[in-house]
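Structural overview for review
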Amino acid sequence: MQPALLSVSVRTRRTPFTNRVTAAGVKAYTVYNHMLLPTVFESVEADYHHLKRHVQVWDVSCERQVEIKGPDAFRLAQVLTPRDLSRMKDDQCYYIPMVDESGGMLNDPVALCIDDQRYWVSVADSDVLLWAKGIAAGLRLEVDVDEPDVSPLAVQGPKAEDLMARVFDDSVRDIGFFRYRKLAFEGKEMVVARSGYSKQGGFEIYVDGSEYGEPLWDALFAAGEDLAVRPGCPNVIERIESGLLSYGSDMTRDNTPHECGLARFCDTRAAIGCIGRDALLRMLHDGPSRQVRGVRMQGEPVAPCTQPWPVYADDQRVGQVTSAAWSPDLQINVAIGMIDASHWDTGTIVEVDTPAGLRLADVTALPHSSK
Ligand code: THG
C-alpha cells in the first residue's frame, strides 16, 4: 500500500533546498516533522547502489533543531535525556534517547553542544519543541526554546570526505565521528559534523540561514561532478541493513530505550533530574522482555512495511516486524523487528505474517551482515 500522491500545502513545510530537489527530479516525498523529506530519486534500489559507491547530497532539513538557549540550557537539556551530558564538549554530538515519565521513548535525537548556554537537539519525527517548551515553562527555567532557521544538509557515501574537502577545506578530514567543527561557506560559519543517517560515512552541514541553501547545494554539485555526486535521501534498504532505527516505526512511546537497544546511550544513575529516571532505574533491575533485532525473511522481495507485521513461533505471537526491504547486496529480505526474549537469540526460526503471506525467517543481530 503506497499512497499515489501527497497533497502539499503551506502546512507541509518546504525546505531551503526544495527548489533544487524538485529540479533534480525527486520522485516521492514523505512528511517528517511537518516538513517535506524526499524518499526516492531514481529508484530506491538505484539510490541504494549509488549511495554505497559514490556520494550523495541529502535534504534532511526535516531533522529540525530545537534550540535551547540561556543560563539554564544545560539543566533543561539534562532533564530531557537519561544520557549524562555533564562531560559533553562543545565540539560533540551525542545520540540521546528522550523518554517520558514512564520511560517510554519520545524521540531519539542527536544533540549538539554549541556552547555552555546553547544546545541544539536535532530531532526525529515527534514534537519535541512542544515538550521542551512545556518543561521549561513548568520548571520556570531561564531558557529560550525555539526552532532556529537551521537546516541539515547531509553529504553521505564513501566519497563524501573528498567532496567536503573541496567545498570547505582539508580540515574536514580531521573531524572525528560525532564531532563537529565550525567551517565557513561564503563567509558564514556553519557547524559541520561527521554524522548522518547512513553507515556509508559522511557529514552533516547545519545550514545556518535558508539563503545559503541553494548556493551550498550548487557548490557541492559543481565540485562533485567527477565524483558522480547525486541528490539522495535516507535510503530504507541501507538503513535497515545498517540497523538505524526510525522513530514512529521501529520504536514508539510504547518502548523503553532498553527495548530499543539504546541502553548504551543511557547513564540513568548519573543523569540526575532527567524525566523518567525513576522508571528507568526500576527497569535496570529486570532488563527488557523484548528487544530490537534483525530479522531475515526468505522468499521473493517483500513490499514496504506500512503496518507492523506479526512474528510467530510455536503458534504464538513473539514479536513484530516494522521495517523491511529486499537487500540487493545480501540477497535476502532484511528487516528490523521487536522480538520477545524467548525468541530473540540469533538463529531462532520464526514466521512473519506479511501481506503476501507467511514468510519463514530467522532472528539475527544488527547491523545485518552477509553470512
Ligand atoms: N542526524 C541529525 N539529526 C537526526 C538524525 C540524523 N535527527 C533525526 C534522526 N536522524 C535521529 N535518529 C538517529 C538515529 C541514529 C543515529 C543518528 C540519529 C546514528 N546512530 C549511530 C549508530 O546507532 O550506530 C551512532 C550513534 C553513536 O555512536 O553515537 O547515527 O541522522 N543531525
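Check the entry above for the structure.
All of the points below concern the structure found in this document. Given the structure is predicted, the values throughout are model-derived calculations rather than measurements. (Residues numbered from 1 in each chain as written. Predicted model: local features only at pLDDT ≥ 70, side-chain atom pairs only at ≥ 80, totals over all residues. Heavy atoms only, no water.)

Most of strand β16 (residues 290-297) sits inside the fold, with seven of its eight residues counted as buried. In this sheet, strand β19 (residues 332-340) lies alongside β16 in antiparallel orientation, the contact comprising eight bridges. Bridging from a neighbouring strand, Arg290 pairs with Asp340 of β19. The sheet contact formed by β16 and strand β21 (residues 357-364) spans four bridges and is antiparallel. (Buried < 20%, exposed > 50% of the residue type's maximum accessible area, 1.4 Å probe, protein only. Helix = DSSP H or I, 4+ residues; strand = E, 2+ residues; numbered from the N terminus. Pairing = 2+ DSSP bridges.)

Before going further, it helps to spend a moment on the pattern of salt bridges. Taken as a whole and assessed by the stated rule, the structure comprises 21 salt bridges. Taking the shortest distance from any N to any O, the salt bridge between Arg64 and Glu147 comes out at 3.1 Å. With a gap of 83 residues between them, Arg64 in the loop between β3 (56-59) and β4 (65-69) and Glu147 in the loop between β10 (144-146) and β11 (150-156) connect regions that are remote in the sequence. Within the structure, one salt-bridge network assembled from shared partners comprises Glu161, Asp162, Asp170, Arg173 and Arg194. (Salt bridge = Lys/Arg side-chain N within 4 Å of Asp/Glu carboxyl O.)

Moving on, we get to the site of the ligand. By nearness alone, 18 residues border the ligand, and Asp108, Ser122, Lys199, Glu204 and Tyr206 come closest of all. Contact between the ligand and Glu63: a nitrogen atom at 3.3 Å from a side-chain N or O atom of the residue. At a separation of 2.8 Å, a nitrogen atom of the ligand approaches a polar side-chain atom of Tyr206. Here the ligand, which alone exposes 650 Å², has 88% of that area covered by the protein. Its residues assigned to classes, the shell around the ligand comprises 11 nonpolar, two polar and five charged. (Near = heavy atom within 4 Å. Polar contact = N/O pair within 3.5 Å; in protein donor to acceptor, adjacent residues only side chain to side chain. Areas by Shrake-Rupley, 256 points an atom, 1.4 Å probe, with all protein chains shown as cover. Nonpolar A, V, L, I, M, F, W, Y, C, P; charged D, E, K, R; others polar.)

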